[in-house]
Amino acid sequence: MSSKMQSSSSTAQARRMVQQLRIEASFERIKVSKASSDLMRYCGEHAKNDPLLMGIPASENPFKDKKPCTVL
Amino acid sequence: MRSPLIPEMATQEVQLNETLVHLKTESETLKSKLEEERAKLHDVELHQVAEKVEGLGQFVMKTRRTLKGHGNKVLCMDWCKDKRRIVSSSQDGKVIVWDAFTTNKEHAVTMPCTWVMACAYAPSGCAVACGGLDNKCSVYPLSLDKNENLAAKKKSVAMHTNYLSACSFTNSDMQILTSSGDGTCALWDVESGQLLQSFHGHAADVLCLDLAPSETGNTFVSGGCDKKANVWDMRSGQCIQSFETHESDINSVRYYPSGDAFASGSDDATCRLYDLRADREVAIYSKESIIFGVSSVDFSLSGRLLFAGYNDYTINVWDVLKGTRVSILFGHENRVSTLRVSPDGTAFCTGSWDHTLRIWA
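Computed from a predicted structure; not experimentally measured.

Caption draft 1: Local environment of the overall build of chain A. Helices and strands together make up the secondary structure of chain A, namely 3 helices and 0 strands. When the helices and strands of chain A are read in sequence order from the N terminus, they spell out α-α-α. Counting every position in chain A, which comprises 72 residues, the buried fraction comes to 35%. Of the accessible surface of chain A, which amounts to about 4800 Å², a share of 55% is contributed by carbon and sulfur atoms.

Shown next, in the form of structure tokens:
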């Protein structure tokens, strides 16, 4: 590759990097405090429907074996 | 320095060099500005905000089923939407479809390559996709006739120039998203095999990907050997956000159920949580005693628990909000290579280099 071609492909790469960074810089961000409370709120709202979190009785979970009953 | 024969070439070379210098300066300025902006909004830590949340009690999770049948390391698995079927793939080239309730094998296919690193169930439950060292992603329709030779109906969809590391159907059987050791991700039309969009930006092998929950729109996240996690717009092919805080390869990425965040697992022995709207890492899940890499992560249905499979054969269960470990699970006799929570959240499945899969609940 001639030195001119090498420079122009580095330039192309640098141009892409700058374009990418411009996109990322223009992003509208929110505060971590707001983001955190939203994550917490989601967890809270959905907790009762989370079987692995709440634990569900063996009779309702197809993977938990039901203990056989013996009628005496 | 060579002296150019034509004076114009000399001027052009100087101009290109000047442009390059300008671009590099602008790069550095933009990078500092990004760091500044992110830092301004870093007013608190997630675990501090989560102090007021009730702590979690003891968890009793055990292996409820063991799926035996692979002849070598299990590399990948995926659940069917019916919450009971599972597809798994192995180093020995076999792809098996199991009924996880009964542990019966329903289908088996032998791939023409070893190291089938990726497999996925189609949303309809009627097909599976897989690939690995063959650099391709192929789709096999699942026949109701158990005796039918699945390999005969195989459809080659994706072609990369290096190994296939992960694949996922989008919200229909019609499109597949892939990631590869060639450093790219790509979106394919299953019927025609046509490349619909490619995603360039990683500087090394891409190891994992996850699609945003459908309500959140058309984005996905990928993780790679360049230690970066990138968020992509599926329509434009553009990388819209990039996170580089891990200290080694990112082996697994998974969206938080709301779509506002994602978790990652890395060879640096940590899992991390990145909030997309705050545009930064908001939690690290690590312990001094944990020194082996994380191969795979997934959330429980509410997002409160993060399950992570490690190269030290264990599974650690983390309280996502408080950042603490709530449980450590033993059972596998070699590395845990893959982990997914079932679609209804009643159990999770792990695959291991010990040739087995386990269902935990």
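Caption draft 2: Layout of the overall build of chain B. Each helix and strand counted, chain B has 2 helices and 28 strands in total. Taking 2.2 N^0.38 as the reference for a compact globule, 361 residues should give roughly 21 Å; the C-alpha atoms of chain B span a radius of gyration of 22 Å, in line with that estimate. Overall size of chain B, expressed as C-alpha extent along the three principal axes, is 80 × 55 × 35 Å. Here chain B, with 361 residues, has 56% of them falling under the buried criterion. Taking all contacts inside chain B whose residues are at least 6 apart in sequence as the whole, residues at least 24 apart take part in 45%. Here chain B displays about 15300 Å² of accessible surface, and carbon together with sulfur accounts for 49% of that area. If you average the places of the 37 positive and of the 45 negative side-chain charges in chain B, the two averages end up 7 Å apart.

Caption draft 3: Seen up close, the sheet that holds strand 16 (residues 229-233) of chain B. Residues and elements named next belong to chain B. Pairing is antiparallel in the open sheet, where 4 strands are placed in the order 14-15-16-17. Only two strands of the sheet have a single partner each, and these edge strands are strand 14 (206-211) and strand 17 (239-243). For this sheet the average axis-to-axis angle between neighbouring strands, irrespective of direction, equals 20°. In this sheet, strand 17 lies alongside strand 16 in antiparallel orientation, the contact comprising 4 bridges. Residue pairing across strands places valine 231 opposite glutamine 241, the latter belonging to strand 17.

Caption draft 4: Helix 1 (residues 7-40) of chain B, seen in detail. For helix 1 of chain B, built from 34 residues, the straight-helix expectation of 50 Å at 1.5 Å per residue is met to within 8% by its first-to-last C-alpha distance of 50 Å. Within helix 1 of chain B, the full set of buried residues consists of B:Glu13, B:Leu16, B:Leu20, B:Leu23, B:Ser27, B:Leu30, B:Leu34 and B:Arg38.

Conventions we followed
- Residues numbered from 1 in each chain as written.
- Chains lettered and ligands numbered in written order.
- Predicted model: local features only at pLDDT ≥ 70, side-chain atom pairs only at ≥ 80, totals over all residues.
- Heavy atoms only, no water.
- Helix = DSSP H or I, 4+ residues; strand = E, 2+ residues; numbered from the N terminus.
- Buried < 20%, exposed > 50% of the residue type's maximum accessible area, 1.4 Å probe, protein only.
- Areas by Shrake-Rupley, 256 points an atom, 1.4 Å probe, with all protein chains shown as cover.
- Rg over C-alpha atoms; globule rule 2.2 N^0.38 Å.
- Contact = heavy atoms within 4.5 Å.
- Lys, Arg positive; Asp, Glu negative; His and termini not counted.
- Charge placed at Lys NZ, Arg CZ, Asp CG, Glu CD.
- Pairing = 2+ DSSP bridges.
- Axes fitted to C-alpha atoms, helices over the stretch in contact; angles between N-to-C directions.
- Expected span 1.5 Å × (residues − 1).

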